[in-house]
Amino acid sequence: MSAVREFMTTDARCVRETESLTDAARMMMDLDCGALPICGDDGKLKGMITDRDIVLKCVAAGRDPSQMMARELAAGKPFCIDADANVDAAIDMMEQHQVRRLPVISDHKLVGIISQGDIARNYSEQRVGELVEHISERHGV
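To start, this report covers the structure provided alongside it. (Residues numbered from 1 in each chain as written. Predicted model: local features only at pLDDT ≥ 70, side-chain atom pairs only at ≥ 80, totals over all residues. Heavy atoms only, no water.)

The next subject is the pattern of salt bridges. Scanning the entire structure with this criterion turns up 5 salt bridges. In this structure, Arg-5 and Asp-84 form a salt bridge, with 2.9 Å as the shortest nitrogen-oxygen distance. Within this pair, whereas Arg-5 is found in the segment before β1 (15–16), its partner Asp-84 is found in the loop between β4 (81–82) and α3 (87–97), the two being separated by 79 residues in sequence. Among the residues examined, Asp-84 registers a relative accessible area of 52% and is labelled exposed. As a salt-bridge pair, Arg-63 and Glu-72 come within 2.8 Å of each other at their nearest N and O atoms. What makes Arg-63 partly exposed here is its relative accessible area of 40%. (Salt bridge = Lys/Arg side-chain N within 4 Å of Asp/Glu carboxyl O. Helix = DSSP H or I, 4+ residues; strand = E, 2+ residues; numbered from the N terminus. Buried < 20%, exposed > 50% of the residue type's maximum accessible area, 1.4 Å probe, protein only.)

See the structure below:
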């Protein structure tokens with residue numbers, strides 16, 4: 001069985017919980033991505049932030065993204081998976097929570113991200129099809 005660490009993107013970057021949403025948006029632009037983990041000063045995962053979160057929960061709400069901190073969008077317990085977990089467990093979690101990417105942790109620290117795309121490039125066509133179908137139900141894709 002394949003471990004998550006064999007599929008994940010290892011050069012994942014975090015936005016610090018004390019950084020502004022403007023900083024997060026710039027980081028997303030520089031990295032050409034639509035989501036980032038939010039990490040504390042201790043390197044531990046605090047949540048995830050998406051470009052959609054910034055637009056809907058800040059800009060559309062009339063807030064100033066240069067004044068709103070990433071920690072304000074780190075609500076609840078973030079979904080994540082251990083680097084040594086089986087890829088099927090990651091797929092099950094993505095389906096259950098209808099998310100397209102999961103932060104990967106080891107010793108409670110962020111070590112990567114596994115995305116629907118990472119799995120699609122490396123896994124069976126049938127299983128990837130099921131994953132896309134379950135996640136797309138929620139997102140209306």
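On to the state of the cysteines, then. For the structure on display, the rule yields 1 disulfide. Across a sulfur-sulfur distance of 2.2 Å, Cys-14 and Cys-39 are joined as a disulfide pair. Taken together, the residues Cys-14 in the segment before β1 and Cys-39 in strand β2 (residues 35–39) connect sequence positions 25 residues apart. (Disulfide = S-S within 2.5 Å.)

With respect to topology, 3 strands assemble into an open sheet ordered β4-β5-β6, the strand pairing being mixed. The sheet is open, and its two borders are formed by β4 and β6 (109–115), each paired with just one other strand. In terms of strand pairing, β4 meets strand β5 (residues 101–106) through 2 bridges, oriented parallel. Of the residues in β5, the one forming a bridge with Asp-82 is Ile-105. Strands in contact with α3 are β4, β5 and β6; relative to β5, the strand with the most contacts, it is inclined by about 135 degrees. (Pairing = 2+ DSSP bridges. Contact = heavy atoms within 4.5 Å. Axes fitted to C-alpha atoms, helices over the stretch in contact; angles between N-to-C directions.)

Taken in spatial order, the 3 strands make up an open sheet running β1-β2-β3, and their pairing is mixed. In this open sheet, the two strands that pair with only one neighbour each are β1 and β3 (45–50). Both β1 and β2 contribute to a ladder of 2 bridges, which runs parallel. Paired with Val-15 across the bridge in β2 is Ile-38. Relative to the sheet, helix α1 (residues 21–31) contacts β1, β2 and β3, its axis offset from that of β2 by approximately 130 degrees.

Below, the discussion takes up the pairing of β2. The buried fraction of β2 amounts to 5 of the 5 residues, a majority that puts the element mostly inside the structure. Of the two faces of β2, the one lined by Ala-35, Pro-37 and Cys-39 and the one lined by Leu-36 and Ile-38 are each fully buried. The pairing of β2 with β3 spans 5 bridges and is classified as antiparallel. Each residue of the ladder has a partner; that of Ile-38, found in β3, is Gly-47. In sequence, β2 turns back onto β3 through a hairpin of 5 residues, with Gly-43 there showing a positive phi of about 80 degrees.

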